[in-house]
Amino acid sequence: MTRTPLLSRKELDTLLGGAARAWLDEALAEAAHAASHPDGEPSGTAYAVPPWELRYAAAGRHCGLEHADSVRVLLLTEARAGLPALTRLYDQGTAAERRAVLLGLAALDLGATALPLVEDALRTNDTTLIAAAVGPYAAAHLDPHHWRHAVLKCLFTGVPVEAVAQLARRARGDAELARMLGDFASERIAAGRPVPAGLHHVLALTAPGPVAPPVPTASTQES
């Protein structure tokens, strides 16, 4: 469940059929129009759902489920979606639509304002949302406390740690993360459950810095 690379518009054009390309042309034009009219149309339609947001929901149906993430992220970036639109799409969307919001955060000029969306995804047990939530945006903006818990959430839910963007950089020298990993391993062993293989990988990344504690094993627990 590592991140699937998002496709560019040029790459999509080589994969989509004529009808899908035409639909995408229209969708991106509507998104660009919305970006140039951030306060809505002067004709009193400010409260209507922008057409590009309807296209966002329909991306899988018109361009194929395998390309929906890429199409949706292109729409977000073309529309220069702000936090209100992102929150609306996330709150009202399906799991797939929420995932695409999370995947698109790093491409938008949001600062740390969209962290509530990341934190909401990390409270779920939906592994597709968790994997999307620990991408480049989280790596850039999650504080150390929440980032460590995001890594533990991946281990707990079975999301491969390779999904965590900039894992090596943020884990390096993190003695507190090493301690938390050791505690997590001890709890798993005490409950008779296996220690996720990814835990050993992350623990190794916490060096250099203070010496990381060894991962407990069944024999050390019994001694």
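Residues numbered from 1 in each chain as written. Predicted model: local features only at pLDDT ≥ 70, side-chain atom pairs only at ≥ 80, totals over all residues. Heavy atoms only, no water.

### Some details on the overall build of the protein chain
Let me state the cut-off plainly: In this description a helix means any DSSP run of H or I spanning at least four residues, a strand means any run of E spanning at least two, and both kinds are numbered starting from the N terminus. Partly exposed residues are those whose accessible area sits between 20% and 50% of the maximum for their type, while under 20% is buried and over 50% is exposed, using a 1.4 Å probe and protein chains only. Each accessible area is a Shrake-Rupley estimate made with a 1.4 Å probe; only the visible protein chains count as cover when residues are assessed.
Along its length, the protein chain carries 14 helices and 0 strands. From first element to last, N terminus to C terminus, the protein chain shows the α and β order α-α-α-α-α-α-α-α-α-α-α-α-α-α. Within the span of the protein chain, comprising 223 residues, buried residues form 43% of the whole. For the protein chain, the exposed area adds up to about 11,300 Å²; of that, 57% sits on carbon and sulfur atoms.

### Describing the pattern of salt bridges
Stated formally: Between Lys or Arg on one side and Asp or Glu on the other, a salt bridge is scored when a side-chain nitrogen of the former is within 4 Å of a carboxyl oxygen of the latter.
Going through the model one piece at a time under the given rule, you end up with 10 salt bridges. Arg123 is paired through a salt bridge with Asp120; the nearest N and O atoms lie 3.6 Å apart. Of this pair, Arg123 and Asp120 both sit in helix 7 (residues 115-123), separated by 3 residues, roughly a single helical turn. Take Asp120: its relative accessible area is 25%, and that puts it in the partly exposed class. Between Asp174 and Arg148 there is a salt bridge whose closest N-O contact spans 3.0 Å. Remark: Arg148 occurs in helix 10 (residues 144-157) and Asp174 occurs in the loop between helix 11 (167-171) and helix 12 (175-190); sequence separation between them is 26 residues.

### Here's the deal with the packing of helix 4 (residues 68-78) against helix 6 (residues 95-104)
Two quantities define a packed helix pair, namely the angle between the helix axes and the distance between the axes. Basically, it comes down to this: Whenever a helix is involved, its axis is fitted only over the stretch in contact; in every case the axis is a line through C-alpha atoms, and angles between N-to-C directions fall within 0 to 180 degrees. Every angle not falling under 35 degrees, over 145, or within 65 to 115 is termed oblique; those three ranges are roughly parallel, roughly antiparallel and roughly perpendicular. Two helices crossing with the near one rotated counterclockwise from the far one by less than a right angle form a left-handed crossing, whereas a clockwise rotation gives a right-handed crossing. Any pair of residues with heavy atoms lying within 4.5 Å of one another is described as a contacting pair. Only Asp, Glu, Lys and Arg are considered charged, only Ala, Val, Leu, Ile, Met, Phe, Trp, Tyr, Cys and Pro nonpolar, and every remaining residue, Gly among them, polar.
One can describe the packing of helix 4 onto helix 6 by two numbers: an axis separation of 9 Å at closest approach and a directional angle of 55°. The orientation of helix 4 with respect to helix 6, classified from their angle, is oblique. Crossing hand, helix 4 versus helix 6: right-handed. Across the interface between the two elements, Asp69, Arg72, Val73 and Leu76 from helix 4 touch Ala96, Glu97, Arg99, Ala100, Val101, Leu103 and Gly104 from helix 6. Grouping the amino acids of the contact of helix 4 with helix 6 by side-chain chemistry returns 6 nonpolar, 1 polar and 4 charged.

### Overview of the nonpolar core
So the rule is basically this: Buried Ala, Val, Leu, Ile, Met, Phe, Trp, Tyr and Cys residues that are joined via side-chain atoms within 4.5 Å together make up what is termed a nonpolar core.
Core analysis: the biggest nonpolar cluster contains 65 residues, and Trp52, Leu86, Leu102, Leu105 and Val118 have the highest contact counts within it. Beyond its immediate sequence surroundings of up to four residues, Trp52 is in contact with Ala27, Glu30, Ala31, Ala34, Leu75, Leu76, Ala79, Ala81, Ala85 and Leu89.

### With respect to the packing of aromatic side chains
Condition: For Phe, Tyr and Trp, where Trp contributes only its six-membered ring, two rings pair if their centres lie within 6.5 Å, and the inter-plane angle classes them as stacked under 30 degrees, edge-to-face over 60, or tilted in between. Cation placement over rings: the criterion is NZ of Lys or CZ of Arg within 6 Å of the ring centroid and within 35° of the ring normal.
With the rule as written, the count across this model stands at 0 aromatic pairs. Sitting over the face of the ring of Tyr56, Arg72 holds its NZ or CZ atom 5.5 Å from the ring centroid.

### Digging into the side chain of Lys153
Quick note on the threshold: Note that His is not counted, nor are the chain ends; the positive residues are Lys and Arg, and the negative ones are Asp and Glu. Nitrogen and oxygen atoms within 3.5 Å of one another constitute a polar contact, given that in protein one can donate a hydrogen and the other can accept it, and given that sequence-neighbouring residues count only through two side-chain atoms.
Looking at where Lys153 falls in the secondary structure, it is placed in helix 10. For the buried Lys153, which has no salt bridge, the nearest side chain bearing the opposite charge is Asp120, at an N-O separation of 10 Å. Here the side chain of Lys153 touches Thr124 through a polar contact of 2.8 Å, landing on its backbone oxygen. For Lys153, the residues in contact, after removing those within four places along its chain, are Leu122, Arg123, Thr124, Asn125 and Ile130.

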